[in-house]
Amino acid sequence: MKADFGKRVAAACGSVRAISDYVPELALVAGTGLAPMLEEIDVAARLPYEEIAGFPVSTAPGHAGELILGELRGRRVVAQSGRFHLYEGWSGDDIVLPVYVMRALGAERYVVTNAAGGLNPELEVGSAVVISDQLNFTGLHPLSGPNDVALGLRFPDMSRAYCPDLRAAKALAHLPTGIYAAIHGPEFETSAERRFLSMAGGDLVGMSTALEVIAANHAGMRVLGFSVVTNSATGGPDQQPDTLEEVLENAAIGAVKIRAAIAAMLDAGEL
Ligand code: HPA
C-alpha cells in the first residue's frame, strides 16, 4: 500500500463520521447479486460511495455502491453494498480501502459474500458454501509497499484467514465448505486453468474477496466468508460456456441461503 494510505483511510472515515456517529461491530460485504441480503437492515445512515472521500465507485454489474450503517437482527452493522474488483482497473489500495474504513468505524468481524464458479463438481449450482480458506492467484498483494503499523503487522498471520470459530457455528453445519481460489478476471477461466486451480486445491473460483480478506486479517478482524456457486466451472469435458446471465440468476438463488445462514447465526448469537 502507498505510504499515505493511513491518511486515505482517515479521510474516508471522516466523510462517514460527518454524517453519522454510528459504531458498528460487524462488517458485511454483499457481492454480485447479493445486495438483497441488506434489505433487512434497519438503516441509521446510508452513504453513496461518491460521498465518501477517496472511495472508488463500483462499475460492476449487480453492484449498487453505498455504505449502509444500521441494525441487522439486533446487531450493529456496517454494510458494503457493492465492492471493487481488480478487473475494473482498481488498485489493491482501492480494493482494500473499505476494509480499513469499516475497521476504523468499529467493526471487529468481517463477513464477505461472493459469486463463484464451482471447480469442485460436488458443489451444486445455486448452493451456498462456507469458505474455509483461500488461494490468492490474482497476482496482487495488497500489503506490498510500506507498512503502517497503525493499520496492522508487517507480516500478518494467515493460517486462520477464515475464523475457525465462526465457521464452526451450528447455524452453518448444513452448508458445504470450500477453498476459494481468486483470479484477476474479467475473463472467465479457460478449462485448463480451472483444472489447474482444482488440482491446486480450489473448490471455488472467483474474481474478488482474497485481497479484502488479506486486509481484514492485517487489520485484526475475524473473517467469515460465503460463496454462491453460480456456475459449474470444473473445466471437464461437459464444461458449458459461462454467461453473466447465468451467474446473476444463480447468485440470487444462493443469496437467499446465505441470508438465512447469517440470520440464523445472528439469532443464535454466533456472529
Ligand atoms: N469464475 C470466476 N468468477 C466467477 C465465476 C467463475 O466461474 N462465477 C462467478 N464468478
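Residues numbered from 1 in each chain as written. Predicted model: local features only at pLDDT ≥ 70, side-chain atom pairs only at ≥ 80, totals over all residues. Heavy atoms only, no water.

1. Regarding the packing of aromatic side chains
Note on aromatic pairs: each is described by the distance of the centres and the angle between the planes. Going by this rule: Whether two aromatic rings pair depends on their centres lying within 6.5 Å, for rings of Phe, Tyr and Trp, where Trp uses its six-membered ring; planes under 30 degrees apart make the pair stacked, over 60 edge-to-face, and the rest tilted. Each residue is placed in one exposure class: buried if its accessible area under a 1.4 Å probe, protein chains only, is under 20% of its type's maximum, exposed if it is over 50%, and partly exposed if it falls in between. Remark: a charge is flagged as sitting over a ring if the NZ atom of Lys or the CZ atom of Arg is within 6 Å of the ring centre and within 35 degrees of the ring normal.
Under the counting rule described, the total for this entry stands at six aromatic pairs. Judged by centre distance (5.9 Å) and plane angle (70°), the rings of Phe84 and Trp90 are edge-to-face. Residue Phe84 is classed as buried on the basis of its relative accessible area, which comes to 2%. In this structure Trp90 comes out as partly exposed when scored by relative accessible area, which is 23%. Each residue in the set Tyr49, Phe55, Phe84 and Trp90 is aromatic and connected to the rest through ring pairs, giving one cluster. In this structure, Arg76 is placed above the aromatic ring of Tyr22, and the distance from its NZ or CZ to the ring centre is 4.2 Å.

2. What about empty space enclosed by the protein?
Definition in use: Using a grid of 1 Å spacing that covers the protein atoms alone, one calls a set of points a cavity when a 1.4 Å probe fits there but cannot get out, and a pocket when the set is open and has protein on both sides within 12 Å along at least five of seven lines; lining residues are those with an atom within 4 Å of a point. Grid points are joined across faces, edges and corners, and a volume is the space filled by probe spheres set on the points. Just so you know the grouping, Ala, Val, Leu, Ile, Met, Phe, Trp, Tyr, Cys and Pro go in nonpolar, Asp, Glu, Lys and Arg go in charged, and all remaining residues, Gly too, go in polar.
A full pass over the atoms with the stated rule returns three cavities of 30 Å³ or more. There is about 60 Å³ of room inside the largest cavity. Lining the largest cavity we find 13 residues, and of these Leu86, Met207, Ser208, Leu211 and Glu212 sit closest to its centre. When its residues are assigned to classes, the lining of the largest cavity shows eight nonpolar, four polar and one charged. The space that makes up the second largest cavity amounts to roughly 50 Å³.

3. Let's talk about the site of the ligand
Note the threshold: Distances are taken per atom, and a residue is near a molecule or strand as soon as one of its heavy atoms is within 4 Å of it. Between N or O atoms, a polar contact is any pair within 3.5 Å; within protein, one atom must be a potential hydrogen donor and the other a potential acceptor, and residues adjacent in sequence are included only when both atoms are from side chains. All accessibility values rest on the Shrake-Rupley procedure with a 1.4 Å probe; residue burial counts only the protein chains present in the view. Counting from the N terminus, the helices are the DSSP runs of H or I reaching at least four residues and the strands are the DSSP runs of E reaching at least two.
Around the ligand, a shell composed of 13 residues is seen, among which Gly117, Glu189, Arg194, Thr230 and Asn231 lie nearest. The backbone of Gly117 places a nitrogen or oxygen atom 3.2 Å from a nitrogen atom of the ligand. Interatomic distance of 2.8 Å between a side-chain N/O atom of Glu189 and a nitrogen atom of the ligand. Burial of the ligand by the protein chains amounts to 95% of its free accessible area of 260 Å². Listing elements by their share of the shell around the ligand, those giving two or more residues are β5 (109–118), β8 (204–206) and β9 (222–232). A total of three residues in the shell around the ligand trace back to one element, the largest contributor, which is β5. Among the residues making up the shell around the ligand, the classes are represented as seven nonpolar, four polar and two charged.

4. Observations regarding the side chain of Ser20
Using the following cut-off: Throughout, a residue-residue contact means that at least one pair of heavy atoms, one from each residue, lies within 4.5 Å.
Within the secondary structure, Ser20 sits in the loop between α1 (5–17) and β1 (26–30). Within the local environment of Ser20, its side chain forms a polar contact with the backbone nitrogen of Tyr22, the two atoms lying 3.1 Å apart. The residues contacting Ser20, other than those within four sequence positions of it, are Ala45 and Leu69.

5. A closer look at the nonpolar core
Selection criterion: Take the buried residues of types Ala, Val, Leu, Ile, Met, Phe, Trp, Tyr and Cys, join any two whose side-chain atoms come within 4.5 Å, and each joined set is a nonpolar core.
The biggest cluster of nonpolar side chains holds 51 residues, and the ones touching the most others in it are Tyr100 and Tyr110. For this core, the leading source of residues is helix α2 (residues 92–105), giving eight residues. Apart from the residues within four sequence positions on either side, Tyr110 is in contact with Ala27, Val29, Val99, Met102, Glu212, Ala216, Met221, Arg222, Val223 and Leu224. By size, the runner-up hydrophobic cluster in this structure holds 28 residues, among which are Leu166, Ala169, Leu172 and Ala261.

6. Looking at the pattern of salt bridges
Threshold: Here, a salt bridge means any Lys or Arg side-chain nitrogen found within 4 Å of an Asp or Glu carboxyl oxygen.
Under the definition given, this model contains nine salt bridges. Arg73 is the partner of Glu40 in a salt bridge, and the nearest nitrogen-oxygen pair spans 2.6 Å. One end of the pair, Glu40, is in the loop between β1 and β2 (42–48); the other, Arg73, is in the loop between β3 (66–72) and β4 (75–81), with 33 residues separating them in the sequence. Since its relative accessible area comes to 33%, Glu40 is described here as partly exposed. Classification of Arg73 by relative accessible area gives partly exposed; the value is 36%. For Glu189, the salt bridge identified is with Arg194, shortest N-O distance 2.7 Å. On the basis of relative accessible area, Arg194 is assigned to the buried category, the value being 2%. Residues participating in the shared-partner salt-bridge network are Glu40, Arg73, Arg259 and Asp267.

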